[in-house]
Amino acid sequence: MRKKKKKTTLMIAFISVAIVSLFSMFFGNTQNPLKSILQKKVSTIKEEKFEKEKQIEEKKQIEEEQEEKSEPIVGAIKDSSTKYGYDSRKISEKLNSYDYSNNGEKIVFLTFNDGPSTTNTPAILDILNKHQVKATFFIQGKSLEIDGAGKILKRTLDEGHSIGYHTYSHDTSSLYPDGNLDIKSFTYDLKSTEKVFKKILGDKFFSNILRCPGGSINWNNMDPLKKYLNENNMISVDWNSLNADDQGKRKNNEELFQYAKQTSAGKEIVVLLMHDGYGKEETVKSLDKIINYYKDNGYKFKILI
Ligand SMILES: [Zn+2]
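An account of the accompanying structure is given in this report. (Residues numbered from 1 in each chain as written. Predicted model: local features only at pLDDT ≥ 70, side-chain atom pairs only at ≥ 80, totals over all residues. Heavy atoms only, no water.)

Details of the overall build of the chain
Helix and strand counts for the chain come out as eleven helices and twelve strands. By the burial criterion, 42% of the 305 residues in the chain qualify as buried. Sequence separation of 24 or more characterises 81% of the internal contacts of the chain that already satisfy a separation of 6 or more. Of the roughly 18,000 Å² of accessible surface on the chain, a fraction of 55% belongs to carbon and sulfur atoms. (Helix = DSSP H or I, 4+ residues; strand = E, 2+ residues; numbered from the N terminus. Buried < 20%, exposed > 50% of the residue type's maximum accessible area, 1.4 Å probe, protein only. Contact = heavy atoms within 4.5 Å. Areas by Shrake-Rupley, 256 points an atom, 1.4 Å probe, with all protein chains shown as cover.)

Structure, rendered in structure tokens:
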């Protein structure tokens, strides 16, 4: 009897040891091959799932980027066009008919000709950024030949401003000899400007707007240009206000501001002509006052596209 009890106790002890060791084999910390196979399998499935999701996400991103890249940039980046863009054809028609009304809504287009200059354009961009307003730059092709100018043009576009053409040479004696338009010379010049723009900003960039050197209304025989622009879905935009930084005697920044203010008086649509070329340091100094004046008088800042 005693012997039998001893045998049973031994048996229970043995089974317990076996259960404990089996248990610890599967669930304990000691390494066992079945457990590690199972763990590996689970982690491989997890990795594969993660990898697949990553690939889908990457593919989506590439597709979005490609779509963005293939989308043309017309004058200004899309966000800016949507937020601040204004139909230049409408504005041009208004200016040509001397009608500056806008149903009570005041809008101003700050426009700069002749740039970019490495001396003044960056400072102008800084001031526009500080005030969070956008402007329209009519670029002269030959200004882009100067070292560093291309980078400034890119910055201008990236910061949401609108970019238009102002011919390549700006040479009025070849564009309008004796005051009359030479359409061949003008279109050749314009095409040269377009080429330089594409070289710097890429093939997807083009602009629909042009400012004729000296203003379109100041030259004769302009009909062939109007026809050419119409056929190419382009528009020439002049101005109805100015700071006179390229006219008469050299003015200091206060005089430039006063000139802009006087020529804007009573107008709901203001297209202000300024210059950001070389030697226009006083224009830079007057810009704070000019922007504050339009802000204080309830104008919204728009860009021509
Ligand atoms: Zn000019």
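Structure's up, so let's keep going.
What to know about the nonpolar core
Judged by nonpolar contacts, the single largest core of 49 residues is most densely connected at Leu110, Phe112, Leu128, Phe197 and Tyr294. Other than its neighbours up to four places away in sequence, leucine 110 contacts Leu128, Val133, Ala135, Thr136, Leu272, Met274, Ile290, Ile291, Tyr294 and Phe301. In this structure, Tyr86, Ile91, Val271 and Leu304 belong to the second largest nonpolar core, which totals twelve residues. (Core = buried A, V, L, I, M, F, W, Y, C linked by side-chain atoms within 4.5 Å.)

Focus: the pattern of salt bridges
Summed over all chains, the structure comprises eleven salt bridges. Glutamate 105 is the partner of lysine 300 in a salt bridge, and the nearest nitrogen-oxygen pair spans 3.6 Å. Linking lysine 300 in strand E11 (residues 300-301) with glutamate 105 in the loop between helix H4 (88-96) and strand E3 (107-113), this pair joins segments that are 195 residues apart in sequence. Residue classification places lysine 300 among the partly exposed positions, given a relative accessible area of 45%. With a relative accessible area of 32%, glutamate 105 lands in the partly exposed category. With a closest N to O distance of 3.2 Å, lysine 249 and glutamate 255 form a salt bridge. Here glutamate 255 falls in the partly exposed class, since its relative accessible area comes to 32%. One salt-bridge network, held together by shared partners, links Asp126, Arg155 and Glu159. (Salt bridge = Lys/Arg side-chain N within 4 Å of Asp/Glu carboxyl O.)

Describing unusual backbone geometry
At the junction of glycine 115 and proline 116, the peptide bond is cis and its omega measures out at -5 degrees in the coordinates. Within the secondary structure, proline 116 sits in the loop between E3 and helix H5 (121-131). A positive phi angle, close to 80 degrees, is found at aspartate 114, a residue other than glycine. Here aspartate 114 is to be found in the loop between E3 and H5. Positive phi values are uncommon outside glycine, yet threonine 167 reaches one of about 65 degrees. Exposure remark for threonine 167: the relative accessible area of 0% places this residue in the buried category.

Comments concerning the coordination of the zinc ion
Listed as protein donors to the zinc ion are Asp114 (OD), His166 (NE2) and His170 (NE2); their distances from the metal cover 2.0 to 2.1 Å. Summarised as a motif, the one-chain spacing of the donors to the zinc ion is D-x51-H-x3-H. Of this pair, aspartate 114 sits in the loop between E3 and H5 while histidine 166 sits in the loop between strand E5 (162-165) and helix H7 (172-175), and the two are 52 residues apart along the sequence. (Donors = N, O, S within 2.8 Å, 3.2 Å for Na, K, Ca; no water.)

A look at the packing of helix H8 (residues 183-201) against helix H9 (residues 223-231)
Angle between the axes and distance between the axes: these two values describe a pair of packed helices. Running from amino to carboxyl end, H8 crosses H9 at an angle of 35 degrees, the nearest separation of the two axes being 10 Å. Here H8 runs over H9; the crossing is right-handed. Every residue of H9 that contacts H8 at Ile183, Phe186, Thr187, Leu190 and Lys191 is listed here: Pro224, Leu225, Tyr228 and Leu229. Residues of the contact of H8 with H9, tallied by class, amount to seven nonpolar, one polar and one charged. (Axes fitted to C-alpha atoms, helices over the stretch in contact; angles between N-to-C directions. Left-handed = near helix turned anticlockwise from the far one by under 90°. Nonpolar A, V, L, I, M, F, W, Y, C, P; charged D, E, K, R; others polar.)

Some points on a negative patch on the surface
A cluster of acidic side chains, namely Glu47, Glu48, Glu51, Glu57, Glu58, Glu63, Glu64 and Glu65, defines a negative patch on the protein surface. Mapping glutamate 47 onto the fold places it in helix H2 (residues 33-70). By relative accessible area, which is 55% here, glutamate 47 ends up exposed. (Patch = residues over 30% accessible without salt bridge, like charges linked within 9 Å, V, L, I, M, F, W, Y side chains within 5 Å. Lys, Arg positive; Asp, Glu negative; His and termini not counted. Charge placed at Lys NZ, Arg CZ, Asp CG, Glu CD.)

A few points about H4
In an α-helix, one turn spans 3.6 residues, which is why side chains three or four residues apart end up on the same side. Where H4 is concerned, the buried positions are Ser88, Ile91, Ser92 and Leu95. For H4, the buried positions fall inside an angular range of 100 degrees around the axis, keeping them on one side. Measuring from the backbone nitrogen of arginine 89 back to the side-chain oxygen at the start of H4 gives 3.0 Å, which picks out aspartate 87 as the cap. Positive phi appears at tyrosine 98, one or two residues downstream of H4, with a value of about 55 degrees. (Arc of directions from axis to C-beta. Polar contact = N/O pair within 3.5 Å; in protein donor to acceptor, adjacent residues only side chain to side chain.)

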